[in-house]
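Take a look at the letters that make up each chain.
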Amino acid sequence: MDSRWYVARTKPLAEYAARDGLLDAGLEVFLPCVQTPRPRNGHQDVPLFPGYLFVRCNLETLSWRRLRWIPHFVGLVRFGDVATWVPDGVITELVERVESINNDGGVRTRLRPGDVISVVLGRGENF
């Protein structure tokens, strides 16, 4: 089996530390982060998916003993005993969309005075 992208869980508010630990372990990691008016302390952005990141690895050759000691890394998202992998195209699209959001000023800054918005409540009821 070749390397694939997997969804990984982190401890709460520890995505950056888990990313750094996985990188130190020699793995390829993608932590999608977006600019925001209220970034976390010490950062210019916030994770797009709090508590999660993506890691590229080959599960047949990966040493789980090494991974379980990585601080703030909880494990891979699984359905039953099967780790969920993400197609490369989805990661590529996600990278492009995050770059687009950040190039456009980040989240919560994309609206401008005069923009029309719609607020949806519950099961699609408009406010």
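The text that follows walks through the structure, step by step, so that each part is easy to find. Sequence order as written defines the numbering, with residues in each chain counted from 1. This being a predicted model, a pLDDT of at least 70 is required before a residue's local features are given, and a value of 80 or more before pairs of side-chain atoms are given or counted; all residues contribute to the totals for chains, interfaces and linings. For the side-chain quantities, the full set of heavy atoms in the structure was used; hydrogens and water were omitted.

**Focus on the environment of Pro32**
(1) Moving on: Secondary structure elements are taken from DSSP: a helix is a run of H or I of four residues or more, a strand is a run of E of two residues or more, and numbering for both begins at the N terminus. Considering the arrangement of structural elements, one finds Pro32 in the loop between strand S2 (28-30) and strand S3 (33-35).
(2) Moving on: Between the C-alpha atoms of Pro32 and Tyr52, which are 20 residues apart in sequence, the distance is 9.2 Å.

**Remarks on the environment of Phe73**
(1) Moving on: Along the chain, Phe73 turns up in strand S6 (residues 73-76).
(2) Moving on: Type-normalised accessible area, obtained with a 1.4 Å probe on protein chains alone, sets the label of each residue: buried when under 20%, exposed when over 50%, and partly exposed for intermediate values. For Phe73, a relative accessible area of 8% corresponds to the buried category.
(3) Moving on: Here the alpha-carbon distance between Phe73 and Pro12, two residues 61 residues apart in the chain, equals 10.0 Å.
(4) Moving on: The contact criterion used throughout is that any non-hydrogen atoms of two residues lie within 4.5 Å. With residues near it in sequence (within four places) discarded, Phe73 still touches Ala8, Arg9, Ala18, Leu22, Trp64 and Leu67.

**Structural notes on the pattern of salt bridges**
(1) Moving on: By definition here, a salt bridge exists when the distance from a side-chain nitrogen of Lys or Arg to a carboxyl oxygen of Asp or Glu is within 4 Å. Taken as a whole and assessed by the stated rule, the structure comprises five salt bridges.
(2) Moving on: A salt bridge links Asp20 to Arg19; the nearest nitrogen and oxygen atoms lie 3.1 Å apart.
(3) Moving on: Under the relative-accessibility criterion, Asp20 is labelled partly exposed at 36%.
(4) Moving on: Classification of Arg19 as partly exposed rests on a relative accessible area of 24%.
(5) Moving on: Asp88 is paired through a salt bridge with Arg56; the nearest N and O atoms lie 2.8 Å apart. One end of the pair, Asp88, is in helix H3 (residues 88-103); the other, Arg56, is in strand S5 (residues 52-57), and 32 residues separate them in sequence.
(6) Moving on: Its relative accessible area of 40% is what places Asp88 among the partly exposed residues.

The analysis is restricted to geometry; functional conclusions fall outside its scope.
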